Amino acid sequence: MVDRQANGTPESLRTIPLEDGRSLRDELHHAIKDARRPSVVVMSGGAVGARARLSGNATLGRDPTCEVVLPDAGVSWRHARIEDRGDAWVLVDLGSTNGSQVNGTRCSEHPLAHGDRITLGRTILRFEMQDPLDQAYDAHLERLLHIDDLSGLFVRRRFDMELARSIAAATSQGKSVTLLVMDMDGIKAINDRHGHLFGAYTIGETGRVIGQVLGERGLGSRFGGDEFCALLPEHDLEQGFAVAEEIHAAVNAHTYTREGVTLRPGISIGVAAFPRDADDAEKLFQRADEALYRAKQGGRNRVMR
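In short, a report on the structure. Just so it is clear, the model here is predicted, and its values are computed rather than measured. (Residues numbered from 1 in each chain as written. Predicted model: local features only at pLDDT ≥ 70, side-chain atom pairs only at ≥ 80, totals over all residues. Heavy atoms only, no water.)

## Re helix H4 (residues 187–194)
For H4, the full list of buried residues reads Ile187, Ile190 and Asn191. Buried residues in H4, looked at end-on, bunch into an arc of 100°, giving them a common side. Residues of H4 that are exposed and point more than 90 degrees away from the buried face comprise Lys188, Asp192 and Arg193. On its buried face, H4 sits against strand S12 (177–185), helix H5 (196–214) and strand S16 (261–263). Immediately downstream of H4, the backbone of Gly195 shows phi near 105°, a positive value. (Buried < 20%, exposed > 50% of the residue type's maximum accessible area, 1.4 Å probe, protein only. Helix = DSSP H or I, 4+ residues; strand = E, 2+ residues; numbered from the N terminus. Arc of directions from axis to C-beta. Contact = heavy atoms within 4.5 Å.)

## Let's talk about the pattern of salt bridges
Counted under the stated rule, the structure contains 22 salt bridges. For the salt bridge of Arg51 with Glu128, the shortest nitrogen-to-oxygen distance reads 2.9 Å. Pair noted here: Arg51 is in strand S2 (residues 51–53) and Glu128 is in strand S11 (residues 123–130), with a separation of 77 residues, a long-range link. The same class applies to Arg51 and to Glu128, which are both buried. Members of the salt-bridge network, linked through shared partners, are Arg81, Glu83, Arg85 and Glu109. (Salt bridge = Lys/Arg side-chain N within 4 Å of Asp/Glu carboxyl O.)

## Observations regarding the packing of aromatic side chains
Under the defined criterion, the tally for this structure stands at 2 aromatic pairs. Ring geometry for Phe159 and Phe223: centres 5.7 Å apart, planes at 80°, overall edge-to-face. On the criterion of sequence distance, the pair formed by Phe159 in helix H3 (residues 156–173) and Phe223 in strand S13 (residues 219–224) is long-range, its members being 64 residues apart. Aromatic pair Phe223 and Phe285: ring centres 5.6 Å apart, planes at 35°, arrangement tilted. Taken together, the residues Phe223 in strand S13 and Phe285 in helix H7 (residues 281–297) connect sequence positions 62 residues apart. Each member of the pair, Phe223 as well as Phe285, is classed as buried. Grouping aromatic residues by their ring pairs yields a cluster made of Phe159, Phe223 and Phe285. The ring of Phe198 is capped by Arg258, whose NZ or CZ atom sits 5.4 Å from the centre of that ring. (Phe/Tyr/Trp six-rings, centres within 6.5 Å; stacked < 30°, edge-to-face > 60°. Lys NZ or Arg CZ within 6 Å of the ring centre and 35° of its normal.)

## Structural notes on the environment of Arg158
Mapped onto the elements of the fold, Arg158 is located in helix H3. Separated by 111 residues in sequence, Arg158 and Ala47 place their C-alpha atoms 9.2 Å apart. In this structure the side chain of Arg158 is engaged in a polar contact, spanning 2.8 Å, whose partner is the side chain of Glu162. (Polar contact = N/O pair within 3.5 Å; in protein donor to acceptor, adjacent residues only side chain to side chain.)

## Topic: the sheet that holds strand S7 (residues 100–102)
If you trace the 6 strands from one edge of the open sheet to the other, you get S2-S1-S11-S10-S7-S8, paired in antiparallel fashion. A strand with exactly one partner marks an edge of an open sheet, and here the two such strands are S2 and strand S8 (105–107). Each strand of the sheet is rotated relative to its neighbour by a mean of 30°, with strand direction disregarded. Alignment of S7 against strand S10 (residues 117–120), held across 3 bridges, turns out to be antiparallel. Its bridge partner lying in S10, Gln101 is registered against Thr119. (Pairing = 2+ DSSP bridges. Axes fitted to C-alpha atoms, helices over the stretch in contact; angles between N-to-C directions.)

## Section: the side chain of Arg222
Within the secondary structure, Arg222 sits in strand S13. Beyond its immediate sequence surroundings of up to four residues, Arg222 is in contact with Asp148, Leu150, Ser151, Leu153, Phe154, Val155, Arg156, Ile203, Glu227 and Phe228.

## Regarding the packing of H5 against helix H6 (residues 237–253)
Relative placement of two packed helices is described by the angle separating their axes and the distance separating the axes. At a minimum axis separation of 10 Å, H5 and H6 run at an interaxial angle of 140°. It follows that H5 is oblique to H6 by the angle criterion. Like other packed secondary-structure pairs, H5 and H6 cross with a definite hand, here right-handed. Packed against H5, whose contacting residues are Thr206, Val209, Ile210, Val213 and Leu214, the element H6 presents Val243, Glu246, Ile247, Ala250 and Val251 at the interface. A class-by-class count of the residues in the contact of H5 with H6 yields 8 nonpolar, 1 polar and 1 charged. (Parallel < 35°, antiparallel > 145°, perpendicular 65-115°, else oblique. Left-handed = near helix turned anticlockwise from the far one by under 90°. Nonpolar A, V, L, I, M, F, W, Y, C, P; charged D, E, K, R; others polar.)

Here it is, written out as structure tokens:
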């Protein structure tokens, strides 16, 4: 039986009246206005899609210590700064080689409004003022763009960007970066015996194990299939090798059980460090991949450098 009001309208179709629509609207308006925060999103250039939320003054440039790092040869080391002037946000050029533009006009200083386009070198950024709903939407969108659903780790494109930044920072600060290249052992046998859903489960679980071991020390990525990578800023080869052994031990100790079936995968890991083994990202990947090959050739499910 359908519940009805006295006028015969089904209860499920009843509209709940708001007691004071204007007061509610005004309250929401002021709350959103007070909570609006600035951000910049890269629309074109080497870091396209990257977003930085600003909590105060922020320097933009190639310097890895900048709040907004732009990997663009046309951008100066410390190119410009976005300043909080209290009643306005202002772009200030820092004496850059190629100058700064807002909406196509070159300037030394320019107040910023929502939607303004900032051009630094070949990079174009959009300045935004976001309310909490905008911020939540962007956080969700960033996750869709940068996080692998199966493993919870970064997708390859985002990982490559972070590796480039880390190597630039290490170069300027005289520090090391260690790269781990990982390949699971036994996934084909799991797929053949139990089906691909079991294989996908095992890959996803391994991604979560890697993420837990890394913690705040580094960044992990699923490169596709059952291949993973990890980036360890400020870790030399010995320190990075120790983290790789932690991952290896954690994967082998983890309980993989699906639908009552216990699965026992392994993981092979190759380790290489910048600048000890290579002087750029491409060579670093090559050295780590060669170490992974030695791990596979040496019997699998082990760590090699």
